[in-house]
Amino acid sequence: MSSNSIRILAGNSHPALAKLIAKRLGTELANVTVTKYSNQETAVTIGESVRDEDVYVIQSGCGEINDHLMELLIMISACKTASARRITAVLPCFPYARQDRKDKSRAPISAKLVANMLTVAGADHVITMDLHASQIQGFFDCPVDNLYGEPSVLRYIRENVPNWKNAVIVSPDAGGAKRATSIADHLDLDFALIHKERKKANEVSRMVLVGDVKDKVAILVDDMADTCGTLGLAAKTLMDNGAASVYAIVIHGVLSGKALEVINNSVLTRVVVTNTIPHAEKKKLCPKLDTIDVSAVLAEAIRRTHNGESVSYLFGHATI
């Protein structure tokens, strides 16, 4: 007989985070086997009943992103055909979030395509964190909870950045100005901005600092760090303008390509990322990396959703 309890299913993208979330909720991960046939087709077997249960499928957009997205869609579809009462897709890092608009001729809006795929697969609700553009919520016809890493970032700065009261919050581009100003306002600090000119995607040619960082701790804040070229150049620009030290705090640490090499060779004191994307192996190669654990935020969002409580409390408060 159904108890309409929480059932947590985890894909292969980030099993460590799924285990942390399950532990915080005082439950076990459901028995799910995800395998590949010899022709690379993904096969999913759910090893226990989910009939009339509240199912949460945790899968982050990282690593072999297309395989993991397909895994997620098949798991959602399998739960739907197994008569789950409600299916929530929990995407700590939303895949294809940077392809959210038609920025040049014939460019696809892939984030909208991913939204359509999740809806068609059978997702009734989506929980994600720090979307690249919050308008992506409008691509869905089902409810979307876009959680913020900001409260966790504020707590990290207060507890782990020495002399943070003499800091300045810096946005590495104009697009992240709103995020940076919000953090600066909460901490009652000054704000600076770096204007960057790109020749092509992932390559920055020139940077200009707007604001004063002389003899201050500069804290770079961004939503995503991929190749870290921007962060490396931004840190150099800040040091050239007289900053005492430079920290970088990023929500989604993709850290692809030569990112670790760039960080190790840069003037950055520390690069802080959340665990929405796994990076345990990368920490061994890069001593400057530090982690903010967001499993508590995601677990609390799941608990509140299941119990029909308001999730908006999490937008301004860090959970312990």
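Placed above this text is the structure.
What counts and what doesn't
Every chain is numbered independently, its residues counted from 1 as its sequence is written. Restriction of local features to residues with pLDDT of at least 70 applies here, the model being predicted, together with a cutoff of 80 or more for giving and counting side-chain atom pairs; totals for whole chains, interfaces and linings are based on all residues. The side-chain figures draw on all heavy atoms in the structure; neither hydrogens nor water molecules are used. Comment: elements are numbered from the N terminus, with helices defined as DSSP H or I runs of at least four residues and strands as E runs of at least two. Buried means the residue's accessible area, taken with a 1.4 Å probe over protein chains only, is under 20% of the maximum for its type, while exposed means over 50%, and partly exposed covers the values in between. Residue contacts follow a heavy-atom distance rule, with two residues in contact if any of their heavy atoms lie within 4.5 Å. Only buried residues count toward a nonpolar core, which is a set of Ala, Val, Leu, Ile, Met, Phe, Trp, Tyr and Cys residues joined through side-chain atoms within 4.5 Å. At least two bridges found by DSSP between two strands are what make those strands a pair. Here the axes come from fitting lines to C-alpha atoms, over the contacting stretch only for helices, and the angles between their N-to-C directions go from 0 to 180 degrees.

## Some remarks on the side chain of Glu 300
Among the secondary structure elements, Glu 300 is positioned in helix H9 (residues 295-307). The class of Glu 300 is buried, set by a relative accessible area of 18%. Setting aside its immediate chain neighbours within four residues, Glu 300 contacts Leu 314 and Thr 319.

## Side note on the nonpolar core
Judged by nonpolar contacts, the single largest core of 42 residues is most densely connected at Leu 147, Ile 157, Ile 169 and Ile 219. At five residues, H9 tops the list of elements feeding residues into this core. Excluding residues within four positions of it along the chain, Ile 169 makes contact with Ile 157, Ala 180, Ile 183, Ala 184, Leu 187, Leu 189, Asp 190, Phe 191, Ala 192, Ile 219 and Val 221.

## Observations concerning the sheet that holds strand E1 (residues 6-10)
Pairing in this open sheet of five strands is parallel, and the strands run E1-E4-E5-E6-E7 from one edge to the other. Only two strands of the sheet have a single partner each, and these edge strands are E1 and strand E7 (144-147). If you compare each strand with its neighbour and ignore which way they point, the axes differ by 20° on average. Across four bridges, strand E5 (residues 86-91) lies against strand E6 (residues 125-129) in parallel orientation. Bridge pairing in E6 links Val 90 to Ile 127. Contacting E1, strand E4 (54-58) and E5, helix H2 (residues 65-81) crosses the sheet at an angle of about 165° to E5.

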